[in-house]
Amino acid sequence: MRILILGGDGYLGWPTAMRLAARGHDVMVIDNYLRRTLARETSSLPLIDTPDLAERTAIYRSVSGFEIKVRIGDCADPAVMARVFQEFQPEAAVHYAEQPSAPFSMMGFDQAKLTLTNNLGTTFNLIWSVLQHAPGCHIVKLGTLGEYGTPNIDIEEGWIDIEHRGRSDRFLFPRQGASLYHTTKIMDTDLLWFYVRTYGLRVTDLMQGPVYGLDTKEADADPRLIPNFHYDDIFGTVLNRFLVQAVAGIPLTVYGQGGQTRGFLNLEDTLQCVELALKTPAMPGQLRVLNQYTELFSVNELAARVKRVGGTMGMNVRIAQLPNPRKEREEHYYNVRNQGLIDLGLKPHYLTDDVLGRLLARVFRYRAAIDPTRIQPRVRWS
Ligand SMILES: NC(=O)c1ccc[n+]([C@@H]2O[C@H](COP(=O)([O-])OP(=O)(O)OC[C@H]3O[C@@H](n4cnc5c(N)ncnc54)[C@H](O)[C@@H]3O)[C@@H](O)[C@H]2O)c1
């Protein structure tokens, strides 16, 4: 298949590109290095330096023999996207190209506007590029479980049947984001649904939870092929932050009560899920929504696990409860269906002590590069 990856320099985009190329697909990535720029501007550089796409793809070619085509450009620019689509004629497009940090989107007007215009702009241009230049192209869009919020009812896979005054109909499951970033993902879903039902696009929306991990078969072939690892309060996800804090001897920063529960998954499982979605595409006129996570953990449970596994490795891990900089429920009901991807064949990799231990050992090797000023929360919701 000809597969275009939007955001191919990112934490998920880069390992996806390597995996799909290794499967024999014709892969092109496009990225404008927005993540690298924002990380520099907010003093949130990753723990481990990663080469740019020209270098990464050259290294990957030399160790594997597989080619990944690279285009540097802004997916929010319609002319750039039109050129890429006309030239490459993708049969599938995997859309990762968004500003993915909730705290960044809550920093102030400029950051909120960038998040809104970038995320909706890339999604809108992708939709129109498909309509105008590659009809039939299957869009695989990365959404987030955070779109649903934490309702006091079970969360279905995207859709819910509602009975009201004796009549019933099927609707997108109600959504309520806890940050502007999450709200842009909700708006993306609405945009996609409008174009699916009006123009017959084929779209899979993967509602993903926080991803952890650095190992993939392809990335492990050369240390320079490692995915980005951010550990700061703005771009680092909760487990990354805890791993680095454990290694640095800084108390793990649990926000508020720590009962916030989310659905997590291993990077290897993200790659599996995207491949499974590509193998069995959505039908024309279908918005297929799949909830993408393998295990539920509360923040307290994650902190306790890192403390326990770190302890067995000789680390003195402490846990601190900080006033929550976010506005979110700290104790809540959370039951999210995730049968769809299992039915498609997903074989989960779980967060075992061994996996945690390997991640801690990896971070330990780079401990000299940890910058403690990037660890305490710098952004408050109000
Ligand atoms: N990583 C997770 O845990 C996670 C969880 C749920 C959902 N997601 C979603 O998955 C997607 C990828 O996440 P990630 O963690 O890899 O983020 P990332 O920031 O590492 O990757 C996104 C990439 O897209 C690029 N990009 C952004 N806007 C662009 C534009 N206008 N033109 C070209 N390139 C652009 C960035 O430079 C970056 O390389 C995001 O949409 C995010 O919302 C991620």
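Read on for an overview of the structure. Keep in mind that this is a model prediction, so the values were computed, not measured.

## Some thoughts on the overall build of the chain
Then, in step 1: A count of helical and extended segments in the chain gives twelve helices and 14 strands.
Then, in step 2: Computed over C-alpha atoms, the radius of gyration of the chain comes to 20 Å, within 12% of the 21 Å expected from 2.2 N^0.38 for 382 residues, which places it in the range of a compact globule.
Then, in step 3: Evaluated residue by residue, the chain yields a buried proportion of 57% over its 382 residues.
Then, in step 4: Partitioning the intrachain contacts of the chain with sequence separation of at least 6 by distance along the chain shows that 81% fall at a separation of at least 24.
Then, in step 5: Looking at the chain as shown, the accessible area adds up to about 15,900 Å², and 52% of this sits on carbon and sulfur atoms.
Then, in step 6: Taking the average place of the 42 positive charges on the side chains of the chain and the average place of its 42 negative ones, the gap between the two points comes to 1 Å.

## Focus on the sheet that holds strand β5 (residues 138-144)
Then, in step 1: Reading across from one edge, β3-β2-β1-β4-β5-β8-β12 is the order of the seven strands in this open sheet, with parallel pairing throughout. Only two strands of the sheet have a single neighbouring strand rather than two, namely β3 (69-72) and β12 (287-292). Within the sheet, the average angular offset between the axes of one strand and its neighbour, ignoring direction, is 20°.
Then, in step 2: Across six bridges, strand β8 (residues 202-208) lies against β12 in parallel orientation. Residue pairing in the sheet places aspartate 205 in a bridge with valine 289 of β12.
Then, in step 3: Sheet strands in contact with helix α7 (residues 180-199) are β5, β8 and β12, and its direction is about 150° off that of β5.

## Regarding the packing of aromatic side chains
Then, in step 1: Evaluated as defined, the whole model comprises twelve aromatic pairs.
Then, in step 2: An angle of 20° between the planes, with centres 5.6 Å apart, marks the rings of tyrosine 195 and tyrosine 199 as stacked. Residue tyrosine 195 and its partner tyrosine 199 are both found in helix α7; the two are separated by four residues, about one turn of the helix.
Then, in step 3: You can call tyrosine 199 partly exposed: its relative accessible area is 47%.
Then, in step 4: Pairing phenylalanine 264 with phenylalanine 297 gives two aromatic rings, centres 5.9 Å apart and planes at 55°, and the pair type is tilted. Of the two residues, phenylalanine 264 sits in strand β11 (residues 261-266) while phenylalanine 297 sits in strand β13 (residues 295-298), which places them 33 residues apart along the sequence.

## Some words on the pattern of salt bridges
Then, in step 1: Taken as a whole, this structure holds 23 salt bridges when the rule is applied.
Then, in step 2: Residue aspartate 233 pairs with arginine 378 through a salt bridge whose shortest N-O separation is 2.8 Å. Taken as a pair, aspartate 233 in the loop between β9 (211-212) and α8 (238-248) and arginine 378 in the segment after α12 (353-365) lie far apart in primary sequence, 145 residues in all.
Then, in step 3: Exposure remark for aspartate 233: the relative accessible area of 3% places this residue in the buried category.
Then, in step 4: Overlapping salt bridges bring together Asp215, Asp354, Arg358 and Arg362 as one network.

## Side note on the nonpolar core
Then, in step 1: The biggest cluster of nonpolar side chains holds 36 residues, and the ones touching the most others in it are Leu4, Leu6, Phe85, Leu126 and Leu201.
Then, in step 2: Elements represented by at least two residues in this core include exactly β1 (2-6), β2 (26-31), α4 (78-88), α6 (109-133), β6 (159-164), α7, β8 and β12.
Then, in step 3: When residues in this core are grouped by element, the largest group, five residues, is from α4.
Then, in step 4: Apart from residues lying up to four places away in sequence, leucine 126 is in contact with Leu6, Met81, Phe85, Ala93, His95 and Ile139.

## Quick look at helix α1 (residues 13-22)
Then, in step 1: Within α1, nine of the ten residues are buried, which leaves the element mostly enclosed by the surrounding structure.
Then, in step 2: Where α1 is buried, its residues meet β1, β2, α3 (53-64) and α9 (267-279).
Then, in step 3: Residue glycine 24 follows α1 closely and has a positive phi angle near 95°.

## Some remarks on the site of the ligand
Then, in step 1: As a structural note, the neighbourhood of the ligand is formed by 28 residues, with Asp31, Arg35, Asn118, Tyr181 and Lys185 the closest of them.
Then, in step 2: Measuring from an oxygen atom of the ligand, one finds a backbone N or O atom of glycine 10 at 3.2 Å.
Then, in step 3: In the environment of the ligand, a nitrogen atom lies 3.5 Å from a nitrogen or oxygen atom belonging to the side chain of glutamine 208.
Then, in step 4: The protein chains hide 96% of the 820 Å² of surface that the ligand would expose on its own.
Then, in step 5: By residue class, the composition of the shell around the ligand is 13 nonpolar, nine polar and six charged.

## Some thoughts on the packing of helix α10 (residues 299-312) against α12
Then, in step 1: Where α10 meets α12, the axes come as close as 10 Å, and the angle between the chain directions of the two elements is 70°. Taken together, the axes of α10 and α12 lie roughly perpendicular to each other. Between α10 and α12, the residues in contact are Arg305, Val306, Arg308, Val309 and Gly310 and Asp353, Leu356, Gly357 and Leu360, respectively.

## With respect to the sheet that holds β9
Two pairing modes exist for strands in a sheet, parallel and antiparallel, and in both the strands are linked by backbone hydrogen bonds.
Then, in step 1: Read across the open sheet, the three strands follow the order β9-β11-β13; overall the sheet is mixed. Across the chains shown, the open sheet's two edge strands, defined by having one partner strand only, are β9 and β13.
Then, in step 2: Pairing of β11 with β13 involves four bridges; the strand directions are antiparallel. What sits directly across from glycine 263, in β13, is leucine 296.

## Thoughts on the packing of α4 against α6
Then, in step 1: Following both chains from N to C, one finds α4 and α6 inclined at 40°, their axes separated by 9 Å at the closest point. Between α4 and α6, the interaxial angle falls into the category oblique. Considering the relative orientation of α4 and α6, their crossing is right-handed. Within the contact between the two elements, α4 uses Pro78, Met81, Ala82, Phe85 and Gln86 and α6 uses Asn125, Leu126, Ser129, Val130 and His133.

Cut-offs and rules
- Within every chain, residues take consecutive numbers counted from 1 along the sequence as written.
- Where local features are concerned, this predicted model is filtered to residues with pLDDT of at least 70; where side-chain atom pairs are given and counted, the filter is 80 or more; whole-chain, interface and lining totals use all residues.
- For the side-chain quantities, the full set of heavy atoms in the structure was used; hydrogens and water were omitted.
- Secondary structure elements are defined from DSSP: runs of H or I of at least 4 residues count as helices, runs of E of at least 2 residues count as strands, and each element is numbered from the N terminus.
- The atom set for the radius of gyration is the C-alpha atoms, and the globule formula is 2.2 Å times the number of residues raised to the power 0.38.
- The buried label goes to any residue with under 20% of its type's maximum accessible area, the exposed label to any with over 50%, and the partly exposed label to all in between, with areas taken from a 1.4 Å probe on protein chains only.
- By definition in these notes, contact holds between two residues if any of their heavy atoms fall within 4.5 Å.
- Using the Shrake-Rupley algorithm and a 1.4 Å probe, accessible areas are obtained, with residue cover drawn only from the displayed protein chains.
- Charge assignment in this entry is limited to Lys and Arg as positive and Asp and Glu as negative, and neither His nor the chain termini are counted.
- Where a charge sits is defined by one atom per residue type, namely NZ (Lys), CZ (Arg), CG (Asp) or CD (Glu).
- Any two strands between which DSSP finds at least two bridges are classified as paired.
- Angles shown run from 0 to 180 degrees and are taken between the N-to-C directions of axes, each axis being a line fitted to C-alpha atoms and, for helices, limited to the stretch in contact.
- Pairing of aromatic side chains here covers Phe, Tyr and the six-membered ring of Trp, requires ring centres within 6.5 Å, and sorts the geometry by plane angle: under 30 degrees stacked, over 60 edge-to-face, intermediate tilted.
- Here, a salt bridge means any Lys or Arg side-chain nitrogen found within 4 Å of an Asp or Glu carboxyl oxygen.
- As used in this record, nonpolar core signifies buried Ala, Val, Leu, Ile, Met, Phe, Trp, Tyr and Cys residues forming a set joined through side-chain atoms within 4.5 Å.
- Residues are classed as near a molecule or strand on a simple rule: at least one heavy atom within 4 Å of it.
- What qualifies as a polar contact is a pair of N or O atoms within 3.5 Å, subject to a donor-acceptor requirement within protein and to the restriction that residues adjacent in sequence count only when both atoms come from side chains.
- Residue polarity is assigned by list, with Asp, Glu, Lys and Arg as charged and Ala, Val, Leu, Ile, Met, Phe, Trp, Tyr, Cys and Pro as nonpolar; anything else, Gly included, falls into the polar class.
- Here the angle decides the label: under 35 degrees means roughly parallel, over 145 means roughly antiparallel, 65 to 115 means roughly perpendicular, and every other value means oblique.
- Helix crossings get a hand from a simple test, with the near helix turned counterclockwise from the far one by less than a right angle marking a left-handed crossing and a clockwise turn marking a right-handed one.

Such coordinate-based values are descriptive only and should not be taken to indicate function.
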